[in-house]
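# Structural overview
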Amino acid sequence: MSFAAFDVWWWPYAFILAAGWLATDGFRFLGVYFGGRIADDSEALVAVRALATALVAAVIGNLVVFPSGSLAEAPVAMRLFSVAAGFAGYLVLRRSVLAGILTGEAVLLAGLYLIGFGT
Amino acid sequence: MQTADRRPTDLETSGPASASDYRRWFLRGVRASVSVPLLILMSAFVGFAGLAREAGISLGEAVFMTGIVWALPAKVVLIGAIMTGASLPAAAFAVALTSVRLTPMVVSIVPELRAPGTRPVVLYLLSHFVAVTSWVLAMEHMRAVPRPMRTAWYCGLGGALVLVNMVVVAVVYSVAGSLPPTLSAALLMLTPLYFLTSLWGSARESASHLAMAFGLVLGPLFHVLTPGFDLMAAGVVGGTAAYLLHRVGRRGRRRGGEGAA
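## Topic: the environment of B:Thr151
Residues and elements named next belong to chain B. You can see threonine 151 is positioned in helix α9 (residues 150-176). Overall, threonine 151 belongs to the buried group, its relative accessible area being 15%. Spatially, the C-alpha atoms of threonine 151 and phenylalanine 26 are 8.3 Å apart, while their sequence positions differ by 125 residues. Non-local contacts of threonine 151, meaning those with residues more than four positions away in its chain, are made with Leu113, Thr118, Val122 and Leu126.

Given below as structure tokens:
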């Protein structure tokens, strides 16, 4: 029962509803239900946050090391260097997300230009 | 911000609020969405649109996903699961794991939103807008909004954020196919850059920073070792290791006094 399992127009939407909406709004609704009864720093929440962070980070790692589309044509060393530069830019430039994104993209574009990418 | 102009409103002092009061505060909420965080969020959704296209998701599905799921980490994990051909339960479990963090965010925003007499159904509907950006903006500005008007104001803020980004996804998805390869590569780099920086900034404890480092390395590693199960494996192994190390570190600090860790 994967995303591409059934060749009908509504199946992807049903998949998004079940795997995306239910799993997300369910936790939002739980928050309304609990009102003010959960402490934000409870030990269980710290553990859950760690799991969730590792999961999202794993997706990021895969998007850089095993990308799709035209990013896959860029050398892996250049991708890693751009991301590292973006993160360094973020740390140095007052922890601004925007500055980090711009630094990383600038380094990537400069690198792609230097190797004559896509020409 | 614009909402901070606190002209003394008659709301706090006198009779029932009229429909025009709600409309006015709804529009102020819309105006409050125009901000630097929105700009950053839009750049993240530009990246998301490119990613969705590469994953083979249709334009309608991508826009639908933006409106119905809304939280970006949940969507990126969902697309990651779709790309690896994960089954529905596996995908739902991975998404659920990233969305647990929404519960405490909602828990902390509800007491701010609620006025005496607010119907629960309004709170349930408004909770759909809770994700990092709207939560940050609300926590920053909502104190300047009179309590009876907060639900209208947050509806304007959250609704505007969702709608703007649905449009961004639709537009970027439509033009992404005709981009030259260099720009297309840069577009696909937006999502990793956005999350790498914003995730680091939003982490509250050392456990999350460690978890991030572990996940970054373990994701690609498990992609090779256990294809199709890589996200869950990296999340569980990396997250658990980070949490345990965090506990050990804290205990060490406690025993050894300050600076021992």
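## A look at the interface of chain A and chain B
Contact residues are listed per partner, giving 75 residues for chain A and 90 residues for chain B. Counting each side, the surface lost to burial between chain A and chain B is near 7,200 Å², with a carbon and sulfur contribution of 77%. Across the chain A-chain B interface, the total number found is zero salt bridges. At the surface where chain A touches chain B, the tally comes to 17 residue pairs in polar contact (both at pLDDT 80 or more).

## Describing the packing of helix α8 (residues 132-141) of chain B against α9(B)
Residue and element names in this part refer to chain B. Here α8 crosses α9 at 150°, and the two axes come no closer than 10 Å. By the angle between their directions, the pair α8 and α9 is classed as roughly antiparallel. For the pair α8 and α9, the crossing hand works out as right-handed. Contact with α8, carried on its side by Thr133, Ser134, Leu137, Ala138 and His141, involves Trp153, Tyr154, Leu157 and Leu161 of α9 and no other residues of that element. Of the residues in the contact of α8 with α9, the class split is six nonpolar, three polar and no charged.

## Here's the deal with a nonpolar patch on the surface
A surface patch of nonpolar side chains, about 610 Å² in accessible area, is lined by A:Met1, A:Phe6, A:Val8, A:Trp9 and A:Trp10. Considering the arrangement of structural elements, one finds A:Trp10 in the segment before α1 (11-34).

## Thoughts on the domain arrangement of chain B
Residues and elements named next belong to chain B. According to the domain assignment, chain B contains domain 1 (20-196) and domain 2 (203-261). If you average the C-alpha positions of domain 1 and of domain 2, the two centres end up 27 Å apart. Facing eight residues of domain 1, the contacting portion of domain 2 comprises six residues. In total, domain 1 and domain 2 occlude about 570 Å² of area from one another, counting both sides; carbon and sulfur atoms represent 81% of this. Run the count over domain 1 and domain 2 and you get zero salt bridges. Our count for the domain 1 to domain 2 interface comes out at zero residue pairs in polar contact (both at pLDDT 80 or more). Listing elements by their share of the side of domain 1 that touches domain 2, those giving two or more residues are α4 (72-83) and α5 (88-99). Split by residue class, the side of domain 1 that touches domain 2 holds six nonpolar, two polar and no charged.

## Some remarks on the confidence of the model for chain B
Segments scoring low in pLDDT should not have their predicted coordinates read at a detailed level. Residue and element names in this part refer to chain B. Confidence along chain B averages 86 in pLDDT terms, with 91% of residues attaining 70 or more. Looking across chain B, the model is least confident in α8, with a mean pLDDT of 82, and most confident in helix α3 (residues 59-69), with 97. Note that pLDDT drops below 50 for residues 1-6; the model gives that stretch 13 contacts with residues more than four away or on any other chain. Overall, residues 257-261 carries pLDDT values under 50, and its contacts beyond four positions in sequence, including any with other chains, amount to four contacts. Taken over the whole predicted complex, pTM reads 0.80, whereas the ipTM for its chain interfaces reads 0.87.

About the criteria used
Residues numbered from 1 in each chain as written. Chains lettered and ligands numbered in written order. Predicted model: local features only at pLDDT ≥ 70, side-chain atom pairs only at ≥ 80, totals over all residues. Heavy atoms only, no water. Helix = DSSP H or I, 4+ residues; strand = E, 2+ residues; numbered from the N terminus. Buried < 20%, exposed > 50% of the residue type's maximum accessible area, 1.4 Å probe, protein only. Contact = heavy atoms within 4.5 Å. Buried area = accessible area lost by both parts, 1.4 Å probe. Salt bridge = Lys/Arg side-chain N within 4 Å of Asp/Glu carboxyl O. Polar contact = N/O pair within 3.5 Å; in protein donor to acceptor, adjacent residues only side chain to side chain. Axes fitted to C-alpha atoms, helices over the stretch in contact; angles between N-to-C directions. Parallel < 35°, antiparallel > 145°, perpendicular 65-115°, else oblique. Left-handed = near helix turned anticlockwise from the far one by under 90°. Nonpolar A, V, L, I, M, F, W, Y, C, P; charged D, E, K, R; others polar. Patch = residues over 30% accessible without salt bridge, like charges linked within 9 Å, V, L, I, M, F, W, Y side chains within 5 Å. Areas by Shrake-Rupley, 256 points an atom, 1.4 Å probe, with all protein chains shown as cover. Domains from an automatic or database assignment. pLDDT = per-residue confidence, 0-100.

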